[in-house]
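This is what each chain is made of:
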Amino acid sequence: MKSILEYMYCQRVRMKNDRMKNYKELCELSELAEKNKQNLKVRLNDEEQILFEKYLDCTNELSSLECGNEFLTGFRLGGRMIMEIIFGADESELHD
C-alpha cells in the first residue's frame, strides 16, 4: 500500500492549488516547449518521429519519478522539522 504522501503526489488526494494558473513564466515556457516539439516533429521522418516519441516518453517518466522523489523528500524533511520542534533535536537522527 502506498503512503498518503504518494497518494497525494499522484493526486488521488486532492489539494487545491489554483496558483499554477498565475505562473505566467511557467505557461510561457510550456507553450514554447510544445511549439518547439511540434516544429521538430514536422521535420522528422517516420522513423525519427518514433525515436523522438520514445525519447519524450523516457524523459517524462524520469521527470515524474524525480518529482515524486523530491515531493516525498520535502514532506519527510518537514516532518523531521516538526518532530525537532516538538521533541527537540537528536543529533544521531539528523545524520543519515
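Sequence order as written defines the numbering, with residues in each chain counted from 1. Note on the predicted model: pLDDT of at least 70 is required for a residue's local features to be given, and 80 or more for side-chain atom pairs to be given and counted; whole-chain, interface and lining totals, by contrast, use all residues. The side-chain quantities take in all heavy atoms of the structure and omit both hydrogens and water.

Asks: Would you mind going over the overall build of the protein chain with me for this structure?
Replies: Put simply, DSSP marks the helices as runs of H or I at least four residues long and the strands as runs of E at least two long, and each gets a number from the N terminus on. A tally of helices and strands in the protein chain yields four helices and zero strands. Traced from its N-terminal end to its C-terminal end, the protein chain shows the element sequence α-α-α-α. Partly exposed describes any residue whose relative accessible area lies between the buried limit of under 20% and the exposed limit of over 50%, with all areas from a 1.4 Å probe on protein chains only and scaled to the type maximum. Per-residue burial over the protein chain gives 7% buried out of 96 residues. Accessible surface area values rest on a Shrake-Rupley calculation with a 1.4 Å probe, where residue burial reflects the displayed protein chains alone. Total accessible area computed for the protein chain in this model is approximately 8900 Å², and 57% of it derives from carbon and sulfur atoms.

Asks: Honestly, the packing of aromatic side chains in this entry has me stumped. Any pointers?
Replies: Geometry of aromatic contacts follows a simple scheme: Phe, Tyr and Trp rings, the Trp one being its six-membered ring, pair when their centres are within 6.5 Å, and the pair is stacked under 30 degrees between planes, edge-to-face over 60, tilted otherwise. Taken as a whole and judged by the stated rule, the model has one aromatic pair. Here Phe-71 and Phe-75 contribute two aromatic rings whose centre-to-centre distance is 5.0 Å and whose plane-to-plane angle is 50°, an arrangement assigned as tilted. A residue pair is termed a helical-turn pair when its members lie 3 or 4 positions apart in one helix, as Phe-71 and Phe-75 do in helix H3 (residues 46–87) at four residues.

Asks: Can you walk me through a nonpolar patch on the surface in this structure?
Replies: A cluster of nonpolar side chains, contributed by Ile-82, Met-83, Ile-85, Ile-86 and Phe-87, occupies part of the molecular surface with about 610 Å² of accessible area. Checked against the element boundaries, Phe-87 lands in helix H3. Patch rule: a residue counts if its relative accessible area is over 30% and it has no salt bridge; like charges are joined within 9 Å, and nonpolar side chains (Val, Leu, Ile, Met, Phe, Trp, Tyr) within 5 Å. A pairing counts as a salt bridge when a side-chain nitrogen of Lys or Arg comes within 4 Å of a carboxyl oxygen of Asp or Glu.

Asks: Hey, could you run me through the environment of Ser-3 in this one?
Replies: Tracing the sequence through the fold places Ser-3 in the segment before helix H1 (4–9). A relative accessible area of 29% means that Ser-3 is categorised as partly exposed. Separated by 69 residues in the primary sequence, Ser-3 and Leu-72 place their C-alpha atoms 9.7 Å from one another.

Asks: Before we go on, may I ask you to explain H3 in this structure?
Replies: The α-helix advances 3.6 residues per turn, and as a result positions three or four apart in sequence lie on the same side. The end-to-end C-alpha separation of H3 is 61 Å, in line with the 62 Å expected for 42 residues at 1.5 Å each. Inspection of H3 places Phe-52, Leu-56, Gly-68 and Leu-72 among the buried residues, and these make up the whole buried set. Here H3 starts with a cap whose side-chain oxygen sits 3.1 Å from the backbone nitrogen of Glu-47, and that cap is Asn-45. In this analysis, the expected span of each helix is defined as 1.5 Å times one less than the number of residues it contains. Polar contact is defined as a pair of N or O atoms within 3.5 Å, subject to the rule that within protein one atom must be able to donate a hydrogen and the other to accept it, and that residues adjacent in sequence are counted only when both atoms are side-chain atoms.

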